[in-house]
Amino acid sequence: MRDFGPHSGVLSIDLGALSQNYNIFKKRVGSHVEVAGVVKANAYGVGLQPVVETLVQEQCPQFFVATLDEAIAFRSFNQNTPVAVLGGLFIGGEKEYLKHNILPVLNTSDDIDRWNALAVERGKQLPSIIHYDTGMNRLGLSADEATQFCQRLNDYQGIDTQIIMSHFACADDKNHLMTPEQATRFSEFAKYFPNAKKSLANSSGLFRDDAYHHDMVRPGYALYGGNPTPETQNPMNNVVSLDTRILQIRHTKKGETIGYSATHDFDKNSITATVALGYADGFIRAGSSKATLYYKGQPCPVFGRVSMDLITIGIEHLNPLPQVGDAIEVLGENQSVDDLADACGTIGYEILTSLTERYKRVFI
Ligand SMILES: *Cc1c(COP(=O)(O)O)cnc(C)c1O
């Protein structure tokens with residue numbers, strides 16, 4: 001019987017596999033291209049500090065987070081490695097970027113104006129990243145804003161453009177036509193900034209075409225073991241394993257039901273295990289009656305609804321039967337984040353970033 005201590009489950013993070021994944025990227029892009037680490041959302045739910053410290057050991061030269069408070073959290077344990085905020089220059093927070101030495105990704109003309117004004121006030125150039133939106137229609141300068149900015153570069157003497165970036169919308173789809181179109185738009189914009197580093201590719205993008213590597217790639221998901229090339233076998237190593245415990249074993253009778261809304265009924269006598277895992281742990285409710293968990297490598301279907309703290313699985317077919325307290329695998333050798341996401345009708349990114357603080361996190 002596995003020792004879970006007081007915890008419902010144990011989330012193991014393999015930092016060695018994370019390092020290996022980082023080095024897969026380094027090898028793939030070659031020594032002339034930098035591999036930045038995207039560590040937004042608590043490093044995709046895995047744990048910010050251990051991930052950053054591992055990647056810093058691998059000489060990761062640049063990190064990206066989503067929000068200003070994530071960057072400030074980053075600075076609480078790392079004062080030196082460059083970190084940038086993808087969400088832009090948060091209004092009212094401008095001085096925090098300076099104070100903590102955080103790079104803003106300038107997404108709008110207004111971001112550029114405010115950062116430039118601060119530079120003028122301080123009497124020095126301020127480092128910045130310019131984001132050009134090549135088709136995502138989400139964050140970044142529009143084509144018109146970009147044209148204006150390029151025409152008026154002399155008015156923005158305070159802006160020291162260190163990196164030019166854009167982001168792919170469809171790079172996970174191998175043959176999507178939008179990817180090369182975005183790359184072309186990016187290269188046209190990038191010409192105006194001969195001295196800046198160029199950065200375009202996320203995890204999937206960097207596997208699509210070496211021409212997308214430019215000076216810096218920005219993988220996130222695949223660092224944590226997600227498959228960047230869904231059309232083929234996962235080239236990455238698994239990083240995240242999650243085991244949880246059986247709380248009770250029940251013998252259910254023909255005609256009975258199980259769980260909220262009684263969505264699963266038994267057409268014969270059966271045996272189920274109630275497992276300490278629910279949507280409050282980040283096991284999304286969309287997995288109701290669809291997902292599979294594993295006992296010693298054998299699949300056990302989820303019966304009925306996922307509750308807040310509990311899930312019920314069928315174990316009647318197992319021999320020998322598991323015992324109360326035994327471990328059930330949610331993620332690991334038998335089930336990757338992508339497998340579980342497929343079963344739940346979502347993407348592995350959501351599975352990872354849903355992992356809550358309820359589990360004991362073990363870094364190995
Ligand atoms: C999240 C994000 C990334 C990383 O993308 P992955 O698909 O996780 O590799 C890179 N760039 C930007 C702008 C992002 O928002």
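Note that the structure is a prediction, hence the values are computed from the model and not measured.

Thoughts on the environment of G135
Of note, G135 is situated in the loop between β7 (126-131) and α7 (143-151). Residue classification places G135 among the partly exposed positions, given a relative accessible area of 27%. Spatially, the C-alpha atom of G135 lies 8.1 Å from that of M178, the residues being 43 residues apart in sequence. In contact with G135, not counting residues within four places along its chain, are M178, Q182 and R185.

Notes on the nonpolar core
Nonpolar side chains tend to gather and get buried jointly when the protein is soluble and globular. If you look at the biggest cluster of nonpolar residues, it comprises 105 residues, and the most contacted ones within it are V39, F64, Y224 and I313. Setting aside its immediate chain neighbours within four residues, Y224 contacts L18, V38, V39, A43, Y44, V46, V51, V239, V240 and L352.

Things to note about the site of the ligand
Residues in contact with the ligand amount to 13 residues; listed here are only the nearest, K40, Y44, S203, Y221 and Y349. With respect to the ligand, the side chain of Y44 contributes an N or O atom lying 2.5 Å from an oxygen atom. G220 is positioned such that a nitrogen or oxygen atom in its backbone is 2.8 Å from an oxygen atom of the ligand. A total of 390 Å² of accessible area belongs to the ligand in isolation, and the protein chains cover 93% of it. Each residue belonging to the shell around the ligand can be placed in one class, and the counts come to 7 nonpolar, 4 polar and 2 charged.

Quick look at unusual backbone geometry
Of note, the bond from N319 into P320 is cis; its omega dihedral lies within 30 degrees of zero at 0 degrees. Examined against the element boundaries, P320 turns out to sit in the loop between β17 (310-314) and β18 (327-331). At A41, a position not held by glycine, the phi torsion is positive, near 50 degrees. Tracing the chain through its elements places A41 in helix α2 (residues 40-44). Since its relative accessible area comes to 35%, A41 is described here as partly exposed. If you check the backbone angles, Q59 has positive phi at about 70 degrees while not being a glycine. Turning to its location among the elements, Q59 is positioned in the loop between α3 (48-57) and β4 (63-65).

Here we look at helix α8 (residues 178-190)
End to end, α8 covers 18 Å across 13 residues, agreeing with the expected 18 Å (1.5 Å per residue, within 8%). T179, Q182, A183, F186, F189 and A190 are the residues of α8 that are buried. All buried residues of α8 lie within an arc of 125 degrees about the axis, which places them on one face of the element. Where the residues of α8 are buried, they touch β7, α7, β8 (159-165) and β9 (197-199).

Some details on the pattern of salt bridges
Scanning all chains against the criterion turns up 11 salt bridges. The salt bridge partner of E94 is R114, with a shortest N-O separation of 2.6 Å. Residue E94 is located in helix α5 (residues 94-99), and its partner R114 is located in helix α6 (residues 109-122); the two are separated by 20 residues in the primary sequence. The same class applies to E94 as to R114, namely buried.

Structural notes on the packing of aromatic side chains
Under the definition given, this model contains 13 aromatic pairs. For the ring pair Y44 and Y349, a centre distance of 6.2 Å and an interplane angle of 45 degrees mean the geometry is tilted. With a gap of 305 residues between them, Y44 in helix α2 and Y349 in helix α11 (residues 348-354) connect regions that are remote in the sequence. Considering the side-chain rings of F74 and F77, the 5.6 Å spacing of their centres and the 40 degrees angle between planes classify their relative orientation as tilted. Judged on exposure class, the residue F74 and its partner F77 are both buried. Taken together, the ring pairs in this structure connect Y132, F149, Y156, F189 and F193 into an aromatic cluster.

Some words on the packing of helix α1 (residues 15-29) against α3
For the pair α1 and α3, interaxial distance at closest approach is 10 Å and the crossing angle is 50 degrees. In terms of orientation, α1 lies oblique with respect to α3. Along this stretch, α1 crosses α3, giving a crossing that reads as right-handed. Taking contact as the criterion, the partners of L15, L18, S19 and Y22 in α1 are, on α3, P50, V51, T54 and L55.

The rules we used
- Residues numbered from 1 in each chain as written.
- Predicted model: local features only at pLDDT ≥ 70, side-chain atom pairs only at ≥ 80, totals over all residues.
- Heavy atoms only, no water.
- Helix = DSSP H or I, 4+ residues; strand = E, 2+ residues; numbered from the N terminus.
- Buried < 20%, exposed > 50% of the residue type's maximum accessible area, 1.4 Å probe, protein only.
- Contact = heavy atoms within 4.5 Å.
- Core = buried A, V, L, I, M, F, W, Y, C linked by side-chain atoms within 4.5 Å.
- Near = heavy atom within 4 Å.
- Polar contact = N/O pair within 3.5 Å; in protein donor to acceptor, adjacent residues only side chain to side chain.
- Areas by Shrake-Rupley, 256 points an atom, 1.4 Å probe, with all protein chains shown as cover.
- Nonpolar A, V, L, I, M, F, W, Y, C, P; charged D, E, K, R; others polar.
- Expected span 1.5 Å × (residues − 1).
- Arc of directions from axis to C-beta.
- Salt bridge = Lys/Arg side-chain N within 4 Å of Asp/Glu carboxyl O.
- Phe/Tyr/Trp six-rings, centres within 6.5 Å; stacked < 30°, edge-to-face > 60°.
- Axes fitted to C-alpha atoms, helices over the stretch in contact; angles between N-to-C directions.
- Parallel < 35°, antiparallel > 145°, perpendicular 65-115°, else oblique.
- Left-handed = near helix turned anticlockwise from the far one by under 90°.

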